[in-house]
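# Working through the structure, step by step
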Amino acid sequence: MNRQNSIREFERAQKSIPGGVNSPVRAYKSVGMPPVVIDHAKGARIFDIDGNEYIDFVSSWGPLILGHARDEIVEAIKKAAEKGTSFGAPTKIETQMAERIVEMIPSVESVRMVNSGTEATMSALRLARAFTGRDLVLKFEGNYHGHADSFLINAGSGAMTFGVPNSPGVTAATAKNTLVAPYNDLQAVEELFAQTGDQIAAVIVEPVAGNMGLVLPQKGFLEGLRQVTQKYGALLIFDEVITGFRLSAGGAQKLFGITPDLTTLGKIIGGGLPVGAYGGRKDIMEKLAPAGPVYQAGTLSGNPLAMAAGLTALNILNDHPEIYDQLEKKAIRLAEGFRKNITETQTQAVVNQIGSMLTLFFTKEKQVTSFHEAAASDTEKFAAYFRIALESGIYMAPSQFECSFVSDAHTEDDIDQTIRANRAALEKMQSGT
Ligand SMILES: *Cc1c(COP(=O)(O)O)cnc(C)c1O
């Protein structure tokens, strides 16, 4: 494939944008090539500025569960734009949106709209601290909750309870208030609670981890988090920015039957426009200004274009529950196709899949159930695989530690074409050519 225009455009971008991108992973650093610059997309197909066409499994990193430029959503945005793009005043559609979310997500009784997943998690954390009168938050290794300081924290060394900053600019003082435990390690969580449980405001968790590649919660893990937080009077925050409206119409919490105190949402909720939200128990949410004393605001929060796109997406998902079965069927077909290819080409790899989420890990491990196991993956191998797949028209996330997302727009033919491309790529890698 010729990608001269992409190469030229990325060089140009680097002169006026740090690293040439507005979000780091887009720069393709971990796959050793310049990024593909996108021109447009429709349904499951994405097109670059050189005119190359790809089957898209990035789905804008999760939001586009209904595919690109879905007609109903485009129409809704156009209609909203004609009425004015922002008022900074209450509108009817905000309330319709809130009502729709409250109806769909079991634990959400009241909800506040924001503009990104990052805003949702940082605001939920402030609220949890205010509600409990405690300072500490417990998060998990390999979980991602956006780029607020409190979450850019790595586990400290063995004997250290507290985390350490994983980005310059995050202060040691902030890191001191974030505890980090291994994902799927309930015992570690219980030990941290035994030490400092009376100071922990909240446990925040991706109920299904999607930011270290796909890692599923082990049996009893989420239940255990619910129990231990309840026991110590800490709040349980489900970060459903990816899983909300994806793993079921009611998110991961509905799928697993667990009721968190607060839930953070993003991605799908905006229908492709910048939206986030956080919600939960009414007694907690009522602490937010102006109902209560906890400050949080946003000039463009509840923006009419974003609400129009998001509400249209949620209405489609709500009215067509069969979409979830279809998504899962396609993802299972993809996962099984990959697994068969892996076995037959004697590749060392593991495929994790749930609902419409999937990751192929290049690893010697027999399974990937933890950050440690995910991190053991062969990222060089992944990079080689990524480049071959891209050449054959398959557009995946340019990192081993991301998910592929199947959308409503993918056809069975798209899935089968992808399985064949996977087969050819694995064969090529095994033969070392
Ligand atoms: C993407 C993501 C976020 C951050 O959302 P942004 O809209 O990128 O700020 C937070 N939590 C999870 C689980 C995510 O996947």
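Data block above holds the structure.
In this text the structure is predicted, and so the values were computed from the model without any measurement.

This part covers the sheet that holds strand 1 (residues 38-42). Strands sit in the order 1-2-3-15 across an open sheet of 4 strands; the sheet is mixed. Two strands bound the open sheet, and with one partner strand each, they are strand 1 and strand 15 (394-395). With 3 bridges connecting them, strand 2 (residues 45-48) and strand 3 (residues 53-56) associate as antiparallel partners. Along strand 3, the bridge assignment pairs Arg 45 with Ile 55.

Neighbouring the ligand are Ser 116, Gly 117, Thr 118, Tyr 144, His 145, Gly 146, Glu 206, Asn 211, Asp 239, Val 241, Ile 242 and Lys 267. Backbone polar atom of Gly 117 to an oxygen atom of the ligand: 2.9 Å apart, as the coordinates give it. Note that a nitrogen atom of the ligand is positioned 2.7 Å from one of the side-chain N or O atoms of Asp 239. Protein contact buries 83% of the 380 Å² of open area that the ligand shows by itself. Broken down by class, the residue content of the shell around the ligand amounts to 3 nonpolar, 6 polar and 3 charged.

Another aspect to go through is the sheet that holds strand 14 (residues 357-361). The strands that make up a sheet pair up through hydrogen bonds in the backbone, lying either parallel or antiparallel. The strand order across the open sheet formed by 3 strands is 13-14-16, and the pairing between neighbours is antiparallel. Two strands in the sheet have a free side with no partner beyond their single neighbour: strand 13 (350-354) and strand 16 (404-405).

Hairpin connection, strand 2 to strand 3: the antiparallel pair is bridged by 4 residues, and Gly 51 has positive phi, about 85°. Where strand 3 and strand 15 come together, 2 bridges link them in parallel fashion. Across the sheet, residue Asp 56 finds its bridge partner in strand 15, namely Tyr 395.

The element strand 9 (residues 200-205) is extensively covered by neighbouring structure, given that 6 of its 6 residues are classed as buried. Sheet topology places strand 9 next to strand 10 (residues 235-239); 4 bridges connect them, and they run parallel. Its bridge partner lying in strand 10, Ile 204 is registered against Ile 237. A crossover links strand 9 with its parallel partner strand 10, the connecting element being helix 7 (residues 221-232), and its sense is right-handed.

This part takes up helix 4 (residues 117-132). Count 3.6 residues to each turn of an α-helix, and residues three or four apart come out pointing the same way. Helix length check: helix 4 (16 residues) gives 22 Å between terminal C-alpha atoms against 22 Å at 1.5 Å per residue, within 8%. Those residues of helix 4 that fall on the buried side of the exposure criterion are Gly 117, Thr 118, Glu 119, Ala 120, Thr 121, Ser 123, Ala 124, Leu 125, Leu 127 and Ala 128. Gly 133 occupies a position one or two residues after helix 4 and carries a positive phi of about 70°.

What follows covers the pattern of salt bridges. Applying the stated criterion across every chain yields a total of 17 salt bridges. When the shortest N-O distance is used, the salt bridge between Arg 226 and Asp 261 registers 2.9 Å. Taken together, the positions of Arg 226 in helix 7 and Asp 261 in the loop between helix 8 (251-256) and strand 11 (262-265) put the pair 35 residues apart, joining distant regions of the chain. Asp 261 matches Arg 226 in its accessibility class, with the two residues each being buried. Measuring nitrogen to oxygen at the nearest pair gives 2.7 Å for the salt bridge that ties Glu 344 to Arg 423. Here Glu 344, found in helix 11 (residues 322-344), pairs with Arg 423, found in helix 14 (residues 412-431); they are 79 residues apart in sequence, far enough to count as distant. Since its relative accessible area comes to 44%, Glu 344 is described here as partly exposed. One salt-bridge network, in which partners are shared between bridges, spans Arg 226, Asp 261, Arg 281 and Asp 283.

Definitions and cut-offs
Residues numbered from 1 in each chain as written. Predicted model: local features only at pLDDT ≥ 70, side-chain atom pairs only at ≥ 80, totals over all residues. Heavy atoms only, no water. Pairing = 2+ DSSP bridges. Helix = DSSP H or I, 4+ residues; strand = E, 2+ residues; numbered from the N terminus. Near = heavy atom within 4 Å. Polar contact = N/O pair within 3.5 Å; in protein donor to acceptor, adjacent residues only side chain to side chain. Areas by Shrake-Rupley, 256 points an atom, 1.4 Å probe, with all protein chains shown as cover. Nonpolar A, V, L, I, M, F, W, Y, C, P; charged D, E, K, R; others polar. Buried < 20%, exposed > 50% of the residue type's maximum accessible area, 1.4 Å probe, protein only. Right-handed = clockwise from strand over helix to strand, strands pointing away. Expected span 1.5 Å × (residues − 1). Salt bridge = Lys/Arg side-chain N within 4 Å of Asp/Glu carboxyl O.

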